[in-house]
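A structural walkthrough
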Amino acid sequence: MKQGSPLAAKGQVNMGQQHFDVVIAGGAAVGSAAAYFLTRDSAFSGRVAVMEPDPSYQHCATALSAASIRHQFSTAENIRMSLFGTEFLRHFGETMSVEGSRPDPEFHEGGYLLLATPDGMPTLHENQALQRSLGADIALLDAAQLAARFPWMQVDDLAGGALGMSGEGWLDAYGMLQGMRHKAIAQGAIYMPRRVVGIDHQRGHVSSVRLDDGQTVGCGALVNCAGTGAPALARLVGIDLPVQARKRSVFYVQCPQPLPGCPMVFDPTGAYFRPEGTGFIMGIAPPEDQDPESFDFDVQYSLFEEILWPTLAARVPAFEALRSGRSWAGHYDMNLVDHNVIVGLHPAIDNLFFANGFSGHGMQQSPAVGRALSELIVHGAFKTLDLSRLGWRRILDNDPIIEKNVV
Ligand SMILES: Cc1cc2nc3c(=O)[nH]c(=O)nc-3n(C[C@H](O)[C@H](O)[C@H](O)COP(=O)(O)OP(=O)(O)OC[C@H]3O[C@@H](n4cnc5c(N)ncnc54)[C@H](O)[C@@H]3O)c2cc1C
């Protein structure tokens, strides 16, 4: 462990209680990515425990997500994180193989298509220039090119769109999570089916966590990867994390007509759809005044009937005749300040790391953020991708980083 690493100055170890160098609270995509990167770092020889109260993962955002990855952001760090996500997925089978068994997250590079009306074109141009300068393979198409490429789409109101030619697409997010979890375990991480319910800390330093079975476990560092459970964890040490659970429903439909070459399409209204199996998934955020903090899993069927279906049937006439199938709801961990992840230490506690507030793009960012957390913990600094701008400072200074492509 390097000088400057929070683990270098470990707190007192209470003899008789289990002690881990790093405890990760939450073992879905982000927690498992952090566990994977930590346990593969040759500069780290510590013990890692991942506390995950729900090994079925049925309620976590990772398993309920739309499982898609795009490079079409307006913030450089977001673009770079997703570019790394793509590379990570392209080599997933080799890097995550355990005893010769290669997991397959079924990454399909089907592309994203962000559509724009004349008003939206300048932003699309500006974003595409930044994305291309960072290595993203994004092409701009005008309305005629859209009509020629996607004859099943109505383009009369559109000026154009930005299409990912490679690298963007969708996958089996649960498969990715399980691949990282298995590899982390093979590398020595210990997963415990426990919830963190208490945090012991003195003078700005965490010494142990309390678990829901009554155990106390010592730790050199604690990492908050608890998704929508993150604000409750932060409150245990008196930190106000500006993150709330916001429900998002995903609707699966069958369409009587095929839509050849269909990418993940984002309409200017914010509605989206993409192929899934023999059908499509689709969704839209509820209107802002109908989007309270929410923890239930009730699907918002009225949103589908009243807004989503009519909007997408206007864009793709074949959707007039769609048949709806299984739908589900999950929760974004929404960063109320600027819809970007908060990653790193809070100034009040020197060994509690945060990776929260992903606001709908954390599945694709999990490899980059897991790696970043491991670098901060082991080396005391970002080594590969500098995410310092996405730390707590901007939140405390109320200096948001506005991401224009929030979907
Ligand atoms: C409908 C929907 C669509 C989405 N689509 C996309 C998409 O297309 N692309 C994309 O990149 N992202 C998408 N997202 C966002 C993405 O799913 C999340 O940002 C990402 O999965 C967050 O991962 P996580 O590991 O931080 O949190 P989660 O997956 O929510 O996992 C948090 C874990 O923490 C555990 N936990 C909670 N409290 C505690 C505690 N006190 N102690 C220990 N453990 C605890 C929970 O059991 C849970 O397993 C979508 C999300 C939703 C809901």
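Keep in mind that what you see is a predicted model, and the values were worked out from it rather than measured. The numbering scheme is per chain: residues are counted from 1 as the chain's sequence reads. In keeping with the model being predicted, local features are shown solely for residues with a pLDDT of at least 70 and side-chain atom pairs are shown and tallied solely at 80 or more, while totals for entire chains, interfaces and linings include all residues. Calculation of side-chain values draws on the structure's entire complement of heavy atoms; hydrogens and water are dropped beforehand.

Further remarks concern the overall build of the protein chain. Only DSSP runs of H or I reaching four residues or more are called helices, and only runs of E reaching two or more are called strands; each is numbered from the N terminus. From N to C terminus, the protein chain includes 11 helices and 18 strands. On C-alpha atoms alone, the protein chain measures out to a radius of gyration of 21 Å, which is about the 22 Å that the 2.2 N^0.38 rule sets for 407 residues. By its C-alpha atoms, the protein chain is 70 × 50 × 40 Å across when sized along the principal axes. Evaluated residue by residue, the protein chain yields a buried proportion of 57% over its 407 residues. What sets the accessible areas is the Shrake-Rupley method with a 1.4 Å probe; for residues, cover comes only from the shown protein chains. Carbon and sulfur atoms make up 50% of the accessible area of the protein chain, which amounts to about 16600 Å² in all. When we talk radius of gyration, it's over C-alpha atoms, and the globule rule is simply 2.2 Å times the number of residues to the 0.38. Note on classification: 1.4 Å probe, protein chains only; a residue is buried when its accessible area is under 20% of the maximum for its type, exposed when over 50%, partly exposed between these limits.

The next thing to look at is the site of the ligand. Only heavy atoms are used to decide nearness, and a residue is near a molecule or strand if one of them lies within 4 Å of it. Taken together, 35 residues sit near the ligand, with Glu52, Thr62, Ser68, Gly362 and Gln364 positioned nearest. Polar contacts, as used here, are pairs of N or O atoms within 3.5 Å; protein pairs need one atom able to donate a hydrogen and one able to accept it. Residues neighboring in sequence count only if both atoms are side-chain atoms. One of the backbone nitrogen or oxygen atoms of methionine 51 is found 3.4 Å away from a nitrogen atom of the ligand. Contact between the ligand and histidine 361: an oxygen atom at 3.4 Å from a main-chain N or O atom of the residue. Surface burial for the ligand is 94%, taken as the share of its 1000 Å² of free accessible area covered by protein chains. Looking at the shell around the ligand, the elements that each hand over two or more residues are α1 (29–40), α2 (61–64), β12 (243–254), β16 (323–335) and α10 (362–379).

Turning our attention to the nonpolar core. Among the nonpolar cores identified, the biggest contains 55 residues, and Val22, Ile24, Val48 and Leu373 are the most heavily contacted of them. Residue assignment for this core shows that the elements contributing at least two residues are β1 (19–25), α1, β2 (48–51), α3 (76–90), α7 (173–186), β11 (216–224), β18 (352–356) and α10. The contact definition used throughout considers only heavy atoms, calling two residues in contact when any of these lie within 4.5 Å. Sequence-distant contacts of leucine 373, defined by excluding residues within four places in its chain, comprise Val30, Ala34, Val223, Cys225, Val343, Phe353, Phe354 and Ala355. Buried Ala, Val, Leu, Ile, Met, Phe, Trp, Tyr and Cys residues form a nonpolar core when they are joined through side-chain atoms within 4.5 Å. Listed in part, the 32 residues of the second largest apolar core include Phe150, Val155, Leu163 and Ala313.

Another aspect to go through is unusual backbone geometry. Apart from glycine, the bulk of residues carry a negative phi angle, and the bulk of peptide bonds sit in the trans form. For arginine 203, which is not a glycine, the phi torsion comes out positive at approximately 45 degrees. Within the element layout of this structure, arginine 203 appears in the loop between β9 (196–202) and β10 (205–211). You will see that asparagine 398, though not glycine, has its phi angle at about 50 degrees, which is positive. With respect to the helices, strands and loops of the structure, asparagine 398 is situated in the segment after α11 (392–396). Accessibility expressed as a relative area gives 59% for asparagine 398, which makes it exposed.

This part covers the sheet that holds strand β6 (residues 160–164). Strand pairing follows a simple DSSP-based rule, namely that at least 2 bridges must link the two strands. Spatial ordering of the open sheet is given by β5-β6-β4-β13-β14-β15-β12-β16, a layout of 8 strands whose pairing is mixed. Of all strands in the sheet, those with a lone pairing partner are β5 (138–142) and β16, marking the two edges. For this sheet, the mean angle separating the axes of adjacent strands, direction not counted, is 20 degrees. The pairing of strand β4 (residues 112–116) with strand β13 (residues 264–266) spans 3 bridges and is classified as parallel. Note on β13: the bridge partner recorded for tyrosine 112 is methionine 264. Each axis is a line fitted through C-alpha atoms, taken for helices only over the stretch in contact, and angles between the N-to-C directions span 0 to 180 degrees. Contacting β4, β5 and β6, helix α5 (residues 121–133) runs over the sheet at an angle of about 155 degrees to β5.

Interaxial distance between α3 and α10 falls to 7 Å at its minimum, and their mutual angle equals 100 degrees. Viewed along their axes, α3 and α10 adopt a mutual orientation that is roughly perpendicular. Contacts from Asn78, Met81, Ser82, Phe84, Gly85 and Phe88 in α3 reach Gln364, Gln365, Pro367, Ala368, Val369 and Arg371 in α10. Only Asp, Glu, Lys and Arg are considered charged, only Ala, Val, Leu, Ile, Met, Phe, Trp, Tyr, Cys and Pro nonpolar, and every remaining residue, Gly among them, polar. Partitioned by chemical class, the residues of the contact of α3 with α10 number 6 nonpolar, 5 polar and 1 charged. When describing relative orientation, an angle under 35 degrees is termed roughly parallel and one over 145 degrees roughly antiparallel, while 65 to 115 degrees is termed roughly perpendicular and anything else oblique.

So, about the pairing of β9. Every other side chain in a regular strand lies on the same face of the sheet, so the side chains alternate between the two faces. Inspection of the sheet shows β9 paired to β10 by 6 bridges, in the antiparallel sense. Among the inter-strand pairings, valine 196 is bridged to a residue of β10, identified as leucine 211. Where β9 folds back onto β10 in an antiparallel hairpin, the turn is made up of 2 residues, including arginine 203, whose phi is positive at roughly 45 degrees.

With that settled, consider the domain arrangement of the protein chain. You can read the domains of the protein chain as domain 1 (1–109 + 168–242 + 336–407) and domain 2 (110–167 + 244–334). Once two parts are brought into contact, the accessible area they lose, counted with a 1.4 Å probe and summed over both, makes up the buried area. For the domain 1 face of the interface with domain 2, the top three residues by lost area are Leu64, Gln72 and Trp170, together amounting to 22%. Each salt bridge in this description consists of a side-chain nitrogen of Lys or Arg and a carboxyl oxygen of Asp or Glu lying within 4 Å of one another. Our count for the domain 1 to domain 2 interface comes out at 1 salt bridge. Linking glutamate 126 and lysine 404 is a salt bridge whose minimum nitrogen-to-oxygen distance equals 3.0 Å. Where domain 1 packs against domain 2, one counts 19 residue pairs in polar contact (both at pLDDT 80 or more). For the side of domain 1 that touches domain 2, the elements supplying multiple residues, two or more each, are α2, β3 (68–69), α3 and β7 (169–170). In the side of domain 1 that touches domain 2, the residues fall into 15 nonpolar, 17 polar and 6 charged. Where each domain begins and ends follows an automated or database-derived domain assignment.

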